[in-house]
Amino acid sequence: CTQPSQPQLLAGKTITITAGPTREALDPVRFISNHSSGKMGFGLAHAAVSLGATVNLISGPVTIAPPAGVNLINIESAEQLLEQSLIFAPKSDAFIGCAAVADYRAAAIAKQKMKKQGDELTLTLVKNPDVIAAVASLTEGRPYTVGFAAETQDVASYAKGKLSNKNLDMICANDVSQNGLGFNSDHNALTLFWHNEQKELTIDTKSALALNVMTELAKRL
Ligand code: CTP
Ligand code: CA
C-alpha cells in the first residue's frame, strides 16, 4: 500500500532513536532481557523518515525489519547502547530513548557456560548506566531529549518524575497495565508530558501514534 506523503516538517533535522530491548549476557549462551518488540521505536523512525528527517536508529535485537532509509546501528547491551548514543546524540537535533534498557547486568559474565549445581542460584547484578540521562546531561551538542515511560500504576506521577529527574524535554508515557497495550502489541495509548504542558494521544496503532509524536516534536525543534 502507498502511504500518503507527509508535510516535510523535519526536513534538515537529524533524529536519533533507540529501540528494542537490551540483552545482558550471563555466559556465552544466556542473557537477561525483556519483551520489547521494537515496534514503537521503529514506528517513530518510519514517521521521522516520512517527515523528511535523517534518522539514526540504534536498536537492540528485534525480529522486525528496519524502515527503509534509516541508518541502523545494532547493539546488544546497555553499555553498547550508551557508547553508540554518545556518538550519535551530539550530532542530532533530537534524541528519542524508546529502548527498553535492562536496568541491571551481571556483575561478571562467565567465560564458560555455567553448569547446573545446587537447588538455588543467586545472580549478582549491577546497575546499568542511564543512557537517556547521560544524553540529557551533555554539555556540548545536547539534543532535544525525549524519553518513554512504561508504567503499570501512577503513570502521570512516575512519568513526570522521570521528566524532571533525568532532565528530559519531553516524555511519552504509556499505561502497560491496560490489556493488549504497550509491550509487544501493535497498539498503544500515550500521554505526552512537557514541563508545563501535557497531551493525551488515545488508543491507536503504534504507527499512527508515532506520526503524532513526531509531529509534536517537530513543532518544538
Ligand atoms: N533509560 C535509559 N537507560 C536506562 C534505563 C532507562 O536510557 N538504564 C531510558 C528509557 O529508554 C526511557 C526512560 O529512560 O526513555 C525511562 O525508562 P524506565 O525504565 O521507565 O525508567 P527507569 O529510570 O529505568 O525507572 P524504573 O524502571 O525503575 O521505572
Ligand atoms: Ca527501567
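Residues numbered from 1 in each chain as written. Chains lettered and ligands numbered in written order. Predicted model: local features only at pLDDT ≥ 70, side-chain atom pairs only at ≥ 80, totals over all residues.

Asks: Tell me about the site of ligand 1, residues and numbers included.
Replies: Every one of the 14 residues lining ligand 1 counts as a neighbour, but Gly97, Val101, Val131, Ile132 and Gly147 are closest to it. Breaking the shell around ligand 1 down by element, the ones donating at least two residues are α3 (131-136) and β9 (144-151). Ranked by residues supplied to the shell around ligand 1, first place goes to β9 with four residues. Looking at the shell around ligand 1 residue by residue, the class counts come to eight nonpolar, three polar and three charged. (Near = placed C-beta within 6 Å. Helix = DSSP H or I, 4+ residues; strand = E, 2+ residues; numbered from the N terminus. Nonpolar A, V, L, I, M, F, W, Y, C, P; charged D, E, K, R; others polar.)

Asks: With reference to specific residues and values, describe helix α5 (residues 206-220).
Replies: Given a rise of 1.5 Å per residue, 15 residues ought to cover 21 Å, and the 21 Å separating the end C-alpha atoms of α5 matches this to within 8%. Here α5 has its buried residues at Lys206, Leu209, Ala210, Leu211, Val213, Met214, Leu217 and Ala218. On its buried face, α5 is in contact with α1 (39-50), β6 (94-97), β9, β10 (170-175), β11 (187-194) and β12 (197-205). (Expected span 1.5 Å × (residues − 1). Buried ≥ 20, exposed ≤ 12 C-beta atoms within 10 Å, placed from the backbone. Contact = placed C-beta atoms within 7 Å.)

Asks: Break down the packing of α1 against α5 for me, with residues and values.
Replies: Between α1 and α5, the shortest axis-to-axis distance is 8 Å and the interhelical angle comes to 55 degrees. By the criterion of interaxial angle, the relationship of α1 to α5 is oblique. Pair α1 / α5 crosses with right-handed handedness. Between α1 and α5, the contacting residues are Lys39, Met40, Gly43, Leu44, His46, Ala47 and Ala48 on the first element and Lys206, Ser207, Ala210, Leu211, Val213 and Met214 on the second. Taken together, the residues of the contact of α1 with α5 sort by class into eight nonpolar, three polar and two charged. (Axes fitted to C-alpha atoms, helices over the stretch in contact; angles between N-to-C directions. Parallel < 35°, antiparallel > 145°, perpendicular 65-115°, else oblique. Left-handed = near helix turned anticlockwise from the far one by under 90°.)

Asks: Kindly report on the environment of proline 66, identifying the contributing residues and their values.
Replies: Tracing the backbone through its elements, the reader meets proline 66 in the loop between β4 (54-59) and β5 (71-74). Residue classification places proline 66 among the partly exposed residues on the basis of 18 C-beta atoms within 10 Å. For the pair proline 66 and alanine 100, spaced 34 residues apart in sequence, the C-alpha to C-alpha distance is 17 Å. Leave out the neighbours within four places in its chain, and proline 66 touches Phe42, Leu57 and Leu72.

Asks: Break down the sheet that holds β5 for me, citing the residues and quoting the values.
Replies: The eight strands are arranged β5-β4-β1-β6-β9-β10-β11-β12 in an open sheet whose pairing can be described as mixed. For this open sheet the edge positions go to β5 and β12, each flanked by a neighbour on one side alone. Neighbour to neighbour, the strand axes of the sheet diverge by 15 degrees on average, direction disregarded. Judged from the six bridges that link them, β9 and β10 form a sheet pairing that is parallel. Considered in β10, the bridge of alanine 149 is made with alanine 173. Packing of α1 onto the sheet brings it into contact with β1 (14-19), β4, β6 and β11, and relative to β1 it is tilted by some 165 degrees. Against the sheet, helix α2 (residues 78-88) touches β1, β4 and β5, its axis set at about 165 degrees to β4. (Pairing = 2+ DSSP bridges.)

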